[in-house]
Amino acid sequence: RSLQLTPEGRVVVGGAFSGIDAFALPGIARLEANGAVDLTFSAGTRPDGEVSAVWLQSDGKMAIGGAFQNVSSPIVSSLNRGRVARLNANGTIDTTMNLSAGENGEVLALTVQQKDRKIVVAGTFTSPSRGVARLNVNGSLDVSFDPQTAADRTVRALALQSDDKILIGGDFTSFSGVARGSFARLARNGLLDIDFATGPRAGGSVYAIVVQPDGRILMAGDL
């Protein structure tokens, strides 16, 4: 479900798999550039559900999101991580992130703001907000981020622009009561950017968003 390339050329993969080759690696693994399993990455980190999203931070740590409720390791038998967790660069659990915002559905996408390392998450959840929320560094809900009524349906994709405005895509037809056909932009505080016009759309879903270096936006999905 998710791939992230490290600065060293390794690939972090997340998904619903239980292992790779002969190695038991449920949900999360790192591969060498040649595709071999990177055994220096902790194979003892075990989410108890699918990992749908992986995001590498500039400090080498990585945020993961998905359908899991708990993450275990050889040192810690089980930690409640309620669909979002952070791993150290070697794949072990980052225990400094020890709170959960209480998402009641799967996290399908996430991104980390580089300036303050707050985590923006999106997915099927309807609490603590519908479809999109932001977490503090310790995993607690960022109450300064207020999407109001948010999306009327699932948010599946996220991307940050250079000014930290947030692009979202998914199945929704409106955001905060304003018509938005599966694509919208939010201000830094989570409110809908009504000056960003997405144009008429006939339905469909957006599954991925990428912002190019020149600021242009690429979207992919059932459009």
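Residues numbered from 1 in each chain as written. Predicted model: local features only at pLDDT ≥ 70, side-chain atom pairs only at ≥ 80, totals over all residues. Heavy atoms only, no water.

Draft legend 1. A look at the nonpolar core. Core analysis: the largest hydrophobic core is formed by 17 residues, its most contacted members being Val132, Leu158, Ile166, Ile168, Phe175 and Leu186. Going through the elements one at a time, strand E13 (119-123), strand E15 (155-160), strand E16 (166-170) and strand E19 (183-186) are the ones with two or more residues in this core. With three residues, the top contributor of residues to this core is E15. With sequence-adjacent residues up to four places away left out, isoleucine 168 is seen in contact with Val155, Ala157, Leu158, Phe175, Ser182, Phe183, Ala184, Leu186 and Ile209. Among the nonpolar cores identified, the runner-up in size contains 14 residues, and Val54, Phe68, Ala85 and Ile93 belong to it. (Core = buried A, V, L, I, M, F, W, Y, C linked by side-chain atoms within 4.5 Å. Buried < 20%, exposed > 50% of the residue type's maximum accessible area, 1.4 Å probe, protein only. Helix = DSSP H or I, 4+ residues; strand = E, 2+ residues; numbered from the N terminus. Contact = heavy atoms within 4.5 Å.)

Draft legend 2. Here's a closer look at empty space enclosed by the protein. Tallying each qualifying case throughout the model produces one cavity of 30 Å³ or more. Approximately 30 Å³ is the volume attributed to the largest cavity. If you go around the largest cavity, the residues you meet are Arg81, Gly82, Val84, Leu99, Ser100, Ala101, Glu103, Leu135 and Gly139. (1 Å grid on protein atoms, 1.4 Å probe; cavity = no way out; pocket = protein on both sides within 12 Å on 5 of 7 lines; lining within 4 Å. Points joined across faces, edges and corners; volume = space filled by probe spheres on them.)

Draft legend 3. Representation of the sheet that holds strand E1 (residues 2-5) within the structure. Taken in spatial order, the three strands of this open sheet run E1-E2-E5, and their pairing is antiparallel. Each edge of the open sheet is held by one strand with a lone partner, namely E1 and strand E5 (28-31). When strand polarity is set aside, the average angle formed by the axes of neighbouring strands in this sheet is 20 degrees. Sheet topology places E1 next to strand E2 (residues 11-14); four bridges connect them, and they run antiparallel. Looking at E2, one finds that glutamine 4 is bridged to valine 12. (Pairing = 2+ DSSP bridges. Axes fitted to C-alpha atoms, helices over the stretch in contact; angles between N-to-C directions.)

Draft legend 4. Structural view of the sheet that holds E13. Read from one edge to the other, the open sheet built from three strands follows the order E12-E13-E14, with strand pairing classed as antiparallel. Each having just a single partner strand, strand E12 (107-112) and strand E14 (132-135) make up the two edges of the open sheet. Looking at each pair of strands side by side, their axes are set apart by 25 degrees on average, direction ignored. Note: E13 against E14, four bridges, orientation antiparallel. What sits directly across from alanine 122, in E14, is valine 132.

Draft legend 5. The arrangement of the pairing of strand E21 (residues 217-222) in detail. As paired elements, strand E20 (residues 205-211) and E21 share six bridges and run antiparallel to each other. Note that in E21 the partner of serine 205 across the bridge is aspartate 222.

Draft legend 6. View of the layout of surface pockets. Taken as a whole, the largest pocket encloses approximately 640 Å³ of empty space. If you list the elements that add at least two residues to the lining of the largest pocket, you get E1, strand E7 (51-56), E12, E15 and E20. In terms of residue class, the lining of the largest pocket is made up of 17 nonpolar, seven polar and four charged. Approximately 160 Å³ is the volume attributed to the second largest pocket. Taken together, Thr6, Pro7, Glu8, Arg10, Arg30, Leu56, Gln57, Ser58, Gly60, Lys61, Met62 and Ala89 make up the full set of residues lining the second largest pocket. Of the residues belonging to the lining of the second largest pocket, the class tally is four nonpolar, four polar and four charged. (Nonpolar A, V, L, I, M, F, W, Y, C, P; charged D, E, K, R; others polar.)

Draft legend 7. A look at the pattern of salt bridges. Scanning the model with the defined rule gives 15 salt bridges in all. Across the pair lysine 118 and aspartate 142 runs a salt bridge whose closest N-O atoms are separated by 3.2 Å. Here the residue lysine 118 occupies a position in the loop between E12 and E13, and aspartate 142 occupies one in the loop between E14 and E15, the gap between them amounting to 24 residues. Exposure class is identical for lysine 118 and aspartate 142. Each is buried. Linking aspartate 142 and arginine 134 is a salt bridge whose minimum nitrogen-to-oxygen distance equals 2.7 Å. Each member of the pair, aspartate 142 together with arginine 134, is buried. Each of Arg10, Arg30, Glu32 and Asp38 takes part in salt bridges that share partners, so that together they form one network. (Salt bridge = Lys/Arg side-chain N within 4 Å of Asp/Glu carboxyl O.)

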